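Examining the three-dimensional arrangement
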Amino acid sequence: MKKIINTPEKFITEMLEGIYAAHPDLVKFAGGDLHCLVSTKKIPGKVGIATGGGSGHLPLFLGYVGEGMLDGCSIGDVFQSPSAEQMLAVTKEIDSGAGVLYIYGNYGGDILNFDMAAEMADFEENIHVESVVAGEDVASGAPVKPGAKNTRRGVAGIFFVYKCAGAAAAKMLPLDEVKRVAEKVCENVRTMGVALTPCTVPRVGHPSFELAEDEMEIGMGIHGEPGIRRGKLMPADAIVDEMLNKIIEDLPYQNGDEVAILVNGLGATPLEEQYVMFRRIHQVLSEKGINIFHTYIGEYATSMEMAGASISLLKVDDELKELLRFPADTPFFKQFKY
Amino acid sequence: MKKIINTPEKFITEMLEGIYAAHPDLVKFAGGDLHCLVSTKKIPGKVGIATGGGSGHLPLFLGYVGEGMLDGCSIGDVFQSPSAEQMLAVTKEIDSGAGVLYIYGNYGGDILNFDMAAEMADFEENIHVESVVAGEDVASGAPVKPGAKNTRRGVAGIFFVYKCAGAAAAKMLPLDEVKRVAEKVCENVRTMGVALTPCTVPRVGHPSFELAEDEMEIGMGIHGEPGIRRGKLMPADAIVDEMLNKIIEDLPYQNGDEVAILVNGLGATPLEEQYVMFRRIHQVLSEKGINIFHTYIGEYATSMEMAGASISLLKVDDELKELLRFPADTPFFKQFKY
Amino acid sequence: MLNACDIKKLMQCWAEVMVQNRDYLIELDSHVGDSDLGLTMGDGFTAASNAIADLDESDIGKLVYNAGKAMSTAVPSTMGTLMASGLMAVGKTLKGCTDLDMDGIVSFFQAYFDGVQSRGKAQVGDKTFLDGLFGAVESLKTDAAANLPLKEAAEHASQAAHQGFLNTKGMLAQFGRAAGRGEQSRDLLDPGAAVADLLMKGFAIFISEKADSI
Amino acid sequence: MLNACDIKKLMQCWAEVMVQNRDYLIELDSHVGDSDLGLTMGDGFTAASNAIADLDESDIGKLVYNAGKAMSTAVPSTMGTLMASGLMAVGKTLKGCTDLDMDGIVSFFQAYFDGVQSRGKAQVGDKTFLDGLFGAVESLKTDAAANLPLKEAAEHASQAAHQGFLNTKGMLAQFGRAAGRGEQSRDLLDPGAAVADLLMKGFAIFISEKADSI
Ligand SMILES: Nc1ncnc2c1ncn2[C@@H]1O[C@H](COP(=O)(O)OP(=O)(O)O)[C@@H](O)[C@H]1O
Ligand SMILES: Nc1ncnc2c1ncn2[C@@H]1O[C@H](COP(=O)(O)OP(=O)(O)O)[C@@H](O)[C@H]1O
Ligand SMILES: [Mg+2]
Ligand SMILES: [Mg+2]
Ligand SMILES: [Mg+2]
Ligand SMILES: [Mg+2]
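About the cut-offs
- Residues numbered from 1 in each chain as written.
- Chains lettered and ligands numbered in written order.
- Predicted model: local features only at pLDDT ≥ 70, side-chain atom pairs only at ≥ 80, totals over all residues.
- Heavy atoms only, no water.
- Near = heavy atom within 4 Å.
- Polar contact = N/O pair within 3.5 Å; in protein donor to acceptor, adjacent residues only side chain to side chain.
- Areas by Shrake-Rupley, 256 points an atom, 1.4 Å probe, with all protein chains shown as cover.
- Helix = DSSP H or I, 4+ residues; strand = E, 2+ residues; numbered from the N terminus.
- Least-squares fit on C-alpha atoms with pLDDT ≥ 70 in both.
- Contact = heavy atoms within 4.5 Å.
- Expected span 1.5 Å × (residues − 1).
- Buried < 20%, exposed > 50% of the residue type's maximum accessible area, 1.4 Å probe, protein only.
- UniProt positions renumbered as here; feature names shortened; annotations may be inferred.
- Salt bridge = Lys/Arg side-chain N within 4 Å of Asp/Glu carboxyl O.

Here we come to the site of ligand 2. All names here are of chain D. Around ligand 2, the structure places 19 residues, and the nearest of them are Thr78, Met79, Arg177, Asp190 and Gly192. Within the side chain of threonine 78, a nitrogen or oxygen atom sits 2.7 Å from an oxygen atom of ligand 2. With respect to ligand 2, the backbone of methionine 79 contributes an N or O atom lying 2.9 Å from an oxygen atom. Starting from 580 Å² of accessible surface for ligand 2 in isolation, the protein chains cover 94%. When residues of the shell around ligand 2 are traced back to their parent elements, those giving at least two are helix H5 (78-93), helix H9 (176-179) and helix H10 (191-213).

Below you can see the structure in the form of structure tokens.
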């Protein structure tokens, strides 16, 4: 385990101290607890959007708190849900009368705690809370059937949910509309990842799994959850083809569709390699007659020092395009209107 | 060597194809050569700013081509200078009558080629070219004495040179003024890095050096050039203290000074760890009475998949603060006016 | 009969068992999930135990409730939150009790089971913690009805929990990270059920030590 | 006497020597710089050789100039650009020559040296390629004045280049990545000077093979 940290126990506290010290203009903490991060800008009458989840995925989750995106984020230990109390503290701080939308990933711990927090917010604080749970990793669980439980992991695609719901809230849409937008994005986004190396939870002290020098795992989750297939490392084009085919079949994305794309590095994969991947994505989509509306590329949802990448496709219509184009200004994601 | 590529030989070409496919609104290539990247926006009468250098450092160098920053970039193979012909092609494309400023790092190959290109631009194309060579790595060479040759490597601090000179050019200042700003930044910026793991040049196929599981190298260059000291991996605070002391003594930065800070990940170091480092930087500077004007943190100049980080300090005055605040919109660096 | 002091000791015994089995739980969770279960259970039960160790409180319900709250803030993972929900439910059920006889002990574990179930909404057979605890609670009920000595009943409950844990192999996971693996999940033992196994093992050890020391 | 055909063979011989010593140069450069020298020299001289291999051209100057230009676009690294500058200077100097006698050969290497120096602005003693080549050029001059046979002169020049390379240990680097290391650079052999050593070694092999084949 080679990390620039002081002690595993103080890792997240010290990271948070660094964040508040680095961005005093953008973020502050609520309730005297560093784990309850909120935007310094509160807009009266705007729906508040809160997210939360374990640490170790920067810029996810807290890096998207800012104008045009999220209003607050509760932060857990590495790969650990924050507590319901912390979620509640964020909720109270960001509510400005129009209610609060929780957007988070489909993980047991997060669900239990956000449910508990929503109950507390409703009963104790009289804040109207709605929740949207993102789960779009096609390598986990079966395609979601209407009405059935979604067993898929939420991974990098949640960025699109934040972006569109954040823009909808910034346009002062009411809670039910912001929720509808978030759900629409969830329905239209699909992700798949590949891992080349593991990552180490500091307090565990050793990698959570092993991959031989010539192996990769297709479909691995961002906490190292097993994927679909472990095999020899393949050329970039073959990796992309395998991932992209799974993604495209799943929705399915079809000839004539328009998509936004997110190529996401998991932590240790250079941008150079992500562009090599995007080259192939562009080729395949062109062949299939799927049009690219806009491309996002870089590290959006990581797994600390894991090497690997994920691809997310979002099928867009005029409404989602307009929301994607909307400007955003957060510690990690800045975008001028395009 | 675990990389998502097709073949080492096609790595950079395919990366470039990916870049043009991903950002067709922002960048295009000149002279029919993918290695000659220019902005799609050309502003009549504006000083053109060109940079260039080897690949493997994304977002450096080409990622900063865009509004408020650079106009063009010639791109070499991994850690290799582009050729003088390629630099000339970029120069011709971005000149709009006000002359062109070359800003690049202090490396032998780049100097020889940029010198050759500047001669060709002057003689063959009648384009007035000036050059500023950035070299601010305090771990390499002695402090620069006025008039003497600078033997220091140029590393992440060049970001500040781009930012300020880019803003000066965007404000339509003339070539000599833009050059003055660039030189002023060079004089006031210092950087030092630390490496935890090596990186592999794809065509070499094995890491350029080895570091034991419990070792780090303080002061290592972004191509794996040897640093000041190899030793046992230390706690984050001790690493920061050692780097920061060297940096602070070098200029020196003093009580009452105001600085902009860049904490830069070398490729595989998670943002979480960079914030742990920044926490300590913030503490030390507070103790020394050095005020922080603004903090940039993330991956700005990498060494592919190298684990490690660098710290850059820029001493600012009112002029540089105004230029830093200026907005920028490039594929990798976006900033609203602050 | 167990009093508040015994409950504190039981909680400490659980903390020790979880800490001792840290690597075992990490290993189990590493095949299914995120390898954290050893950390969360060790920390969570330690926090729960520490929170009440020095409380001057004879109300067993209040003690256990506070232990649960401490667990909930200390380790808000799936199992952390579920264990907190279980303990808090025990607390609510046993509020006002200062001594537990055999029926009280049955109520304790029944409430624990119900608290976990109402928070997590899983059913027996869904390959969760519940599958480990379910048989143990049933065994306690049977042995209580048969008036067996506590030490023997605890032994049986521990065996039942262990069997419940082993039986999770073959089940299809419906919850947690394992659910994402679909049919592949059948081959694996459920880590949460292993916690139920350890809980009942800890209980049996505690009871047997208590019996020996009298 | 060397004609255009010999020059093509010499260039091919250099390409082969550089390719064979790929790992040796990478290793040397890894201690000082960025480990690329083996790649750039192998590729650069191969490109230079390929660019002229099929040219129907008897003008030695034009041949070498074209080889230099090919090198310059193929490998724009420090040494690539310097070697290109060297070859292009040779080309300019020997423009119009179709045969090289001993004096012509001296001019060839003198021009190579001058071309590298005027591009890179280093001095002998600055721990660069020049320190490898300098002694070789001097040796050629001496042997030419003494009318020694070419094969012997080439051998001496190769030895001088090798000695020049060895002598870079102890020098303080003023250029390239090594300069950044200050006093520490003294302990290291200069990789660029190793290229000069290989160039003269290749030249000697080429001459000796040519002599043997007559
Ligand atoms: N809804 C649920 N009800 C009961 N137990 C559950 C539920 N979901 C998950 N579990 C149990 O939790 C265990 C995983 O716990 P934990 O490691 O804390 O999860 P995570 O690390 O994903 O938060 C599973 O093995 C399962 O026994
Ligand atoms: N200005 C110069 N003049 C002559 N030779 C130089 C000069 N600068 C560097 N060199 C030579 O170049 C060698 C390094 O070449 P190379 O590996 O191509 O450099 P880089 O990889 O840094 O571009 C040095 O060992 C030195 O001999
Ligand atoms: Mg967990
Ligand atoms: Mg080089
Ligand atoms: Mg777990
Ligand atoms: Mg080199």
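Back to the write-up after that little detour.
Below, the discussion takes up the relation of the copies chain B and chain A. Taken as rigid bodies, chain B and chain A are interconverted by a rotation of 180 degrees and an axial shift of 0.0 Å, the fit giving an RMSD of 0.0 Å. A rotation of that kind, with that shift, is consistent with a two-fold axis. Measuring from the rotation axis to each C-alpha of chain B, the shortest distance belongs to B:Ala268, at 2.0 Å. Interface residue correspondence from chain B to chain A reaches 100%, placing this contact among same-surface, isologous pairings.

Residue and element names in this part refer to chain A. A rise of 1.5 Å per residue sets the reference length of helix H7 (residues 271-288), with its 18 residues, at 26 Å; its end C-alpha atoms lie 25 Å apart and thus fit the reference within 8%. When you tally the buried positions in H7, you get 13 out of 18 residues, the bulk of the element. Looking at the residues trailing H7, positive phi occurs at glycine 289, about 70 degrees.

In this section: the environment of C:Gly202. Residue and element names in this part refer to chain C. Relative to the helices and strands, glycine 202 is located in helix H10 (residues 191-213). Note on glycine 202: relative accessible area 0%, which makes it buried. Along the backbone, glycine 202 and tyrosine 112 are 90 residues apart, and their C-alpha atoms lie at a distance of 15 Å. Contact partners of glycine 202, with chain neighbours within four places excluded, come to Cys13, Trp14 and Val17.

The sites that UniProt annotates as "domain: DhaK" (unreviewed entry) are residues 7-333 of chain A. When the span residues 7-333 of chain A is considered, its composition is 33% helix and 23% strand, and the gap between its end C-alpha atoms is 29 Å.

We now examine the pattern of salt bridges. Under the definition given, this model contains 70 salt bridges over all chains. Of the charged contacts, one joins A:Glu322 and A:Lys171 as a salt bridge, the two residues approaching to 3.6 Å between their closest N and O atoms. Here A:Glu322 is found in helix H8 (residues 318-325), whereas its partner A:Lys171 is found in the loop between helix H4 (158-170) and helix H5 (175-188), with 151 residues between them in sequence. A relative accessible area of 35% places A:Lys171 in the partly exposed class. The residue B:Glu14 makes a salt bridge to A:Arg279 at a minimum N-O spacing of 3.6 Å. A residue pair is termed interchain when its members come from two chains, as with B:Glu14 in helix H1 (residues 11-22) and A:Arg279 in helix H7.

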